[in-house]
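# Structural features, examined
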Amino acid sequence: MTRRFFFNRLLSTGFFLAFYNVLFAKKPKNPIDERLSAVNPWLELSKNAYLTNAQSISKMVKGIPILAVLKNNAYGLGDVQVAKILDESNAVSGFALVKDERCIALRKAGVLKPILLMGDFAPNLGMDLIRSNITLSVFSMESLKKIKLMALHSEKQIKVQLYFDTGLGRMGIPYYQNLKWVKDLLSIKNVSIVGVFSTLVTSYSFSLEQLRRFKSIKEKLEKIGVSAIDYHLAPSFSLLRTSTSHLDMVRPGILLHGTYPLAKMQESEEYPLIPTYKLKARVIRVERLRKGDTIGFSRFYKIEEDEWIATLPIGWADGYDSRAENGAMVMINDKLYDVVNVNASHCNIKIGPKKEFSVGDIATLIGPEVPEITPEGFGLRLKGNNYMQIQYKESIPKIVYDEFL
Ligand SMILES: *Cc1c(COP(=O)(O)O)cnc(C)c1O
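First, a word on what this report is: a plain description of the structure on this page.

The rules behind each value
Residues numbered from 1 in each chain as written. Predicted model: local features only at pLDDT ≥ 70, side-chain atom pairs only at ≥ 80, totals over all residues. Heavy atoms only, no water. Pairing = 2+ DSSP bridges. Helix = DSSP H or I, 4+ residues; strand = E, 2+ residues; numbered from the N terminus. Axes fitted to C-alpha atoms, helices over the stretch in contact; angles between N-to-C directions. Contact = heavy atoms within 4.5 Å. Phe/Tyr/Trp six-rings, centres within 6.5 Å; stacked < 30°, edge-to-face > 60°. Buried < 20%, exposed > 50% of the residue type's maximum accessible area, 1.4 Å probe, protein only. Lys NZ or Arg CZ within 6 Å of the ring centre and 35° of its normal. Near = heavy atom within 4 Å. Polar contact = N/O pair within 3.5 Å; in protein donor to acceptor, adjacent residues only side chain to side chain. Nonpolar A, V, L, I, M, F, W, Y, C, P; charged D, E, K, R; others polar. Parallel < 35°, antiparallel > 145°, perpendicular 65-115°, else oblique. Left-handed = near helix turned anticlockwise from the far one by under 90°. Core = buried A, V, L, I, M, F, W, Y, C linked by side-chain atoms within 4.5 Å. Salt bridge = Lys/Arg side-chain N within 4 Å of Asp/Glu carboxyl O.

A few words now on the sheet that holds strand 17 (residues 347-352). Here we have 9 strands laid out as an open sheet, ordered 11-14-17-16-15-18-10-1-19, and mixed in their pairing. Each end of this open sheet is capped by a strand with a single partner; those strands are strand 11 (285-289) and strand 19 (398-401). Going across the sheet, the axis of each strand differs from the next one's by a mean of 35°, ignoring polarity. Alignment of strand 14 (residues 307-312) against strand 17, held across 5 bridges, turns out to be antiparallel. Its bridge partner lying in strand 17, Ile309 is registered against Lys350. Across the sheet, helix 4 (residues 47-60) lies against strand 1 (42-46) and strand 19, angled at about 50° from strand 1, the strand it touches most.

This is how it looks when you write it as structure tokens:
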């Protein structure tokens, strides 16, 4: 093939154009933009907000390591995405999850820090968990049996943490039980106990009693030779309110996402956190409804005067709380509008007598921009709680930004 022939061929097949485009044409602004034009809702996460919050939490607990709780898909925000961000934080020492296959998913995604499975595991995933270097929990006699059985077959060291029930009554071996089984576990060569944990309830006085129970376990464990391991039991609320609960590690979930567990907690002034995410959707319909029209299956919202109503393609089946129709707001082009109806896959926004925006404009349903739409603001407007907005469906795409501008 001569050079000329090759060149002609290139031109004729359009290769030239392709080359020209690669070399000289304007690159698409941002590959993400294309995903943003989707007609489905999406979540945006700020790496900077997560890392800053981790530092703030670290300050709250005077530098004690953070075991980041990313259960329930990091409250719907994306366990893999959040873990990959916090894997880079020197304030975070590891991750704790509740579902077996999610622990493995984090490892597969390249997360390097220790991962603790606080829940049960399917026997057929046992070896996978060990190979992925996931720390398992002994939370019942049955789970102990399962782990011991695996130890018979595992070449690899099995890391475990002992989970005690000091009063939450949900998971763990009751604190008053005989600890003979721990001695037995210590004698198994390829099992190493790397931690002991429990979970505090919200009541301050009872949390102190729980702490006493936990410390009595610690003393007993030390007597039988369990040493140099981490003790932890404080979720976000106890971390803030029971300073003696910090021990070797703290276990926040909600704080990492930039929300305090309760509304208007005084600590939020000293240690402000940044909401780490935005929930967004594009307007897919704008119509002028007439006086007397209604919206929703139960005809929930009645049009009093002719007004413009917008539709967003997000509803309670996506994890947007259905109570939003009782007072939540969304932001569109820097202005706030009332949510007047929430169905499974759609919700409606009241615009007013003038059509102020159009199909294709972007609505921020939750975000850090103004108090009305922060997770806490959302909870306050609906007389609910701060955990209301954190159950987004796994299928909602997540886009990670270095920071929100
Ligand atoms: C959910 C949970 C946490 C974290 O709770 P937050 O209130 O989100 O901080 C900590 N420990 C256990 C065992 C949990 O289940």
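Our focus in this paragraph is the packing of aromatic side chains. Taken as a whole and judged by the stated rule, the model has 8 aromatic pairs. Judged by centre distance (5.7 Å) and plane angle (55°), the ring pair of Tyr320 and Phe378 falls under tilted. With a gap of 58 residues between them, Tyr320 in the loop between strand 14 and strand 15 (329-332) and Phe378 in helix 14 (residues 375-381) connect regions that are remote in the sequence. Each ring, one from Tyr337 and one from Phe357, has its centre 5.1 Å from the other, and the planes form 75°; the classification is edge-to-face. Here Tyr337 is found in strand 16 (residues 335-342), whereas its partner Phe357 is found in the loop between strand 17 and strand 18 (362-366), with 20 residues between them in sequence. Note on accessibility: Tyr337 and Phe357 belong to one class, buried. Lying across the ring of Phe121, Lys146 places its NZ or CZ 4.6 Å from the centre. Taking NZ or CZ as reference, Lys278 lies 4.6 Å from the ring centre of Phe404, over its face.

This paragraph deals with the site of the ligand. Around the ligand, 14 residues are found, and the nearest of them are Lys71, Tyr75, Ser236, Gly253 and Tyr387. Contact distances for the ligand include 2.5 Å between an oxygen atom and a side-chain N or O atom of Tyr75. Separating an oxygen atom of the ligand from a side-chain N or O atom of Ser236 is a distance of 2.5 Å. Looking at the shell around the ligand residue by residue, the classes come out as 8 nonpolar, 3 polar and 3 charged.

Attention now moves to the packing of helix 6 (residues 79-86) against helix 7 (residues 100-108). Running from N to C, helix 6 and helix 7 point in directions that differ by 50°, and their axes come no closer than 10 Å. As the angle between them shows, helix 6 and helix 7 are arranged oblique. As for how helix 6 packs across helix 7, the hand of that crossing is right-handed. Contacts from Asp79, Val80 and Ala83 of helix 6 reach helix 7 at Arg102, Ala105 and Leu106. Looking at side-chain class alone, the contact of helix 6 with helix 7 contains 4 nonpolar, no polar and 2 charged residues.

Counting 103 residues, the largest nonpolar core has Phe95, Leu162 and Tyr320 as its most contacted members. Element by element, the count of residues in this core is highest for helix 6, at 5 residues. Those residues within four positions of Tyr320 in sequence are excluded, and the remaining contacts are Leu279, Ile314, Gly315, Ala328, Val330, Val339, Val342, Cys347, Leu365, Phe378 and Gln389. Residues Ala96, Met118, Tyr163 and Phe197 belong to the second largest nonpolar core, which totals 9 residues.

Note on placement: Ser89 falls in the loop between helix 6 and strand 3 (92-97). Each residue touching Ser89, except ones within four places of it in the same chain, is listed here: Leu51, Ala54, Gln55 and Lys113.

Attention now moves to the pattern of salt bridges. This structure, assessed with the given rule, holds 15 salt bridges. Close ionic contact of Glu88 with Lys47 constitutes a salt bridge, the shortest N to O distance being 3.5 Å. Highlighted residues: Glu88 in the loop between helix 6 and strand 3 and Lys47 in helix 4, separated in sequence by 41 residues. Several salt bridges converge on common partners, so that one network encompasses Glu209, Arg212 and Arg213.

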